[in-house]
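Below are the chains, spelled out letter by letter.
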Amino acid sequence: MFKLNDLYLMDCMEGMKQIPDKYFQLLLCDPPYGVNLKYSEYEDTEENWYELMNVFIPEAQRVAEMVIFPSCQIKRLGWFYENYPPHWLIAWHKGSPGHNGYVGFNDWEPLIVYGKTKGLCMHDHFTIVNTEKMGNYGHPCPKPIAWAEWIIHRATKKGDRVLDTFAGSGTTLSEASLAGHE
């Protein structure tokens, strides 16, 4: 079994198979988007994204009471509702980049949510504008610390277990640790 508060470099699907049912209170992650970004161990094609989601979503729902992650493109919402209907969505308003975007660019992103909070209040929208310089840390689009903070502080209580299956730049792991979670 895994030790809590540790980071493991492994295939997340293989790792999740070792986790008991509903062991984590929250699985908060930022999976690959399927937009041909360069990763060392994963080919980020749209086809691979669908294959990943088909195995990831059922396993994520098995190991965690609540699962939250970006939709990885608004055009995929129909696919989610057809194949793995979310219990609800959270609208993350990212703010405007300060100029008109190209057609198809959104200032907000839907977060897919499975499960619900237990006695905690949580809205279905929030605004976190990335105004801080986060650096790249080798991640193509790291989420702001405040993004993970907003979600973790509303979806969990101190001492709850939080899992990030993709880790990226460590935003979720960092905030979960700061919030006193395992």
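Please refer to the structure placed before this passage.
What you are looking at is a predicted structure, and each value in this text was computed from that prediction instead of being measured.

Draft legend 1. The packing of aromatic side chains, seen in detail. Under the criterion given, the structure shown has 14 aromatic pairs. Within the aromatic cluster, the residues linked to one another by ring pairs are Trp 49, Tyr 50, Phe 56, Phe 69, Trp 79, Phe 80, Tyr 84, Tyr 114 and Phe 166. The ring of Trp 49 carries Arg 76 above its face, with NZ or CZ at 3.9 Å from the centroid.

Draft legend 2. Here's a closer look at the sheet that holds strand E3 (residues 88-93). The strand order across the open sheet built from six strands is E5-E3-E4-E2-E1-E6, with neighbouring strands paired in mixed fashion. Bordering the open sheet on either side are strand E5 (125-127) and strand E6 (162-163), each of which pairs with just one other strand. Looking at chain direction, E3 and strand E4 (residues 108-114) are connected through six bridges and run antiparallel. Counted as the bridge partner of Ile 90 is Leu 111 from E4. Taken strand by strand, helix H2 (residues 46-63) contacts strand E1 (24-28), strand E2 (64-70), E4 and E6, and its axis lies near 140 degrees from that of E2. Strands in contact with helix H4 (residues 145-155) are E1, E2, E3, E4 and E5; relative to E1, the strand with the most contacts, it is inclined by about 155 degrees.

Cut-offs applied
- Residues numbered from 1 in each chain as written.
- Predicted model: local features only at pLDDT ≥ 70, side-chain atom pairs only at ≥ 80, totals over all residues.
- Heavy atoms only, no water.
- Phe/Tyr/Trp six-rings, centres within 6.5 Å; stacked < 30°, edge-to-face > 60°.
- Lys NZ or Arg CZ within 6 Å of the ring centre and 35° of its normal.
- Pairing = 2+ DSSP bridges.
- Helix = DSSP H or I, 4+ residues; strand = E, 2+ residues; numbered from the N terminus.
- Contact = heavy atoms within 4.5 Å.
- Axes fitted to C-alpha atoms, helices over the stretch in contact; angles between N-to-C directions.

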